[in-house]
Structures are given as C-alpha cells and as structure tokens.
Amino acid sequence: MKPAEIAALMAEVLQVNEFTEHDNFFELGGSSLLAVALVSKINEKSSAEVSLIDLIYAPTAAGITERLARGGAR
C-alpha cells in the first residue's frame, strides 16, 4: 500500500477530512479501539499483515508503509 492510501484509511477511522503521511495517528485522536479498527482496515486492503505493534512503533502512514514493505513487526 502507498502512504496516501494508509493516510486515507487513518482519516476515515479518525473521522477527519485530511491526514498526511507524516501525521501521527495517536496525536490526532487515535485510541486503542480506533487502532484495532485501523489495523483491521489496513489488513483487509493489503497483501502484507500489519499489527498493533507496528502501529505503535510507526504511527504515521509513511511509517506503516515502510513496515509493510519489510514484512511487519520485527
């Protein structure tokens, strides 16, 4: 997935109009429950798996994209 696609999913989950690839999911209102919803949405649309740990360590769309490219949490 591209950062813009993940940013769009983050915006959808947070119910905000815009979310850039460098915005921090948790700083803009993401909670643990919303994180679970986001991870689920990303995994539905991606061929690679992302985990809650990935989102905690890389809470931006750019960071998640990088972790997906490496195969997830390490």
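This text goes with the structure placed above it.
Residues numbered from 1 in each chain as written. Predicted model: local features only at pLDDT ≥ 70, side-chain atom pairs only at ≥ 80, totals over all residues. Heavy atoms only, no water.

Participant: What should I look at first to understand the overall build of the protein chain in this one?
Facilitator: What the protein chain contains, in helices and strands, is four helices and zero strands. The helix and strand sequence of the protein chain, counted from the amino end, reads α-α-α-α. Residues classed as buried in the protein chain amount to 41% of the 74 residues present. Across the protein chain, the fraction of contacts at a sequence separation of at least 24, relative to all contacts at a separation of at least 6, is 45%. (Helix = DSSP H or I, 4+ residues; strand = E, 2+ residues; numbered from the N terminus. Buried < 20%, exposed > 50% of the residue type's maximum accessible area, 1.4 Å probe, protein only. Contact = heavy atoms within 4.5 Å.)

Participant: Help me out: how do you make sense of the packing of helix α1 (residues 3–14) against helix α4 (residues 61–69) in this one?
Facilitator: Describing two packed helices takes the angle between their axes plus the distance from one axis to the other. Axis separation between α1 and α4 bottoms out at 8 Å; the angle between their running directions is 125°. It follows that α1 is oblique to α4 by the angle criterion. Between α1 and α4 lies a crossing of right-handed hand. Where α1 abuts α4, its residues P3, I6, A7 and M10 lie against A61, A62, I64, T65 and L68. Broken down by class, the residue content of the contact of α1 with α4 amounts to eight nonpolar, one polar and no charged. (Axes fitted to C-alpha atoms, helices over the stretch in contact; angles between N-to-C directions. Parallel < 35°, antiparallel > 145°, perpendicular 65-115°, else oblique. Left-handed = near helix turned anticlockwise from the far one by under 90°. Nonpolar A, V, L, I, M, F, W, Y, C, P; charged D, E, K, R; others polar.)

Participant: How do you make sense of α1 when you look at a structure like this?
Facilitator: Note: α-helices contain 3.6 residues per turn, so residues at a spacing of three or four share the same orientation. In a regular helix each residue adds 1.5 Å, so 12 residues correspond to 16 Å; α1 covers 16 Å between its end C-alpha atoms and thus fits that length. Residues of α1 that are buried: I6, A7, L9, M10, A11, V13 and L14. Where α1 ends, the next residue or the one after it, Q15, has phi of about 55°, a positive value. (Expected span 1.5 Å × (residues − 1).)

Participant: Please clarify how the environment of D54 should be interpreted in this entry.
Facilitator: When you line up the elements, D54 lands in helix α3 (residues 52–57). Take D54: its relative accessible area is 1%, and that puts it in the buried class.

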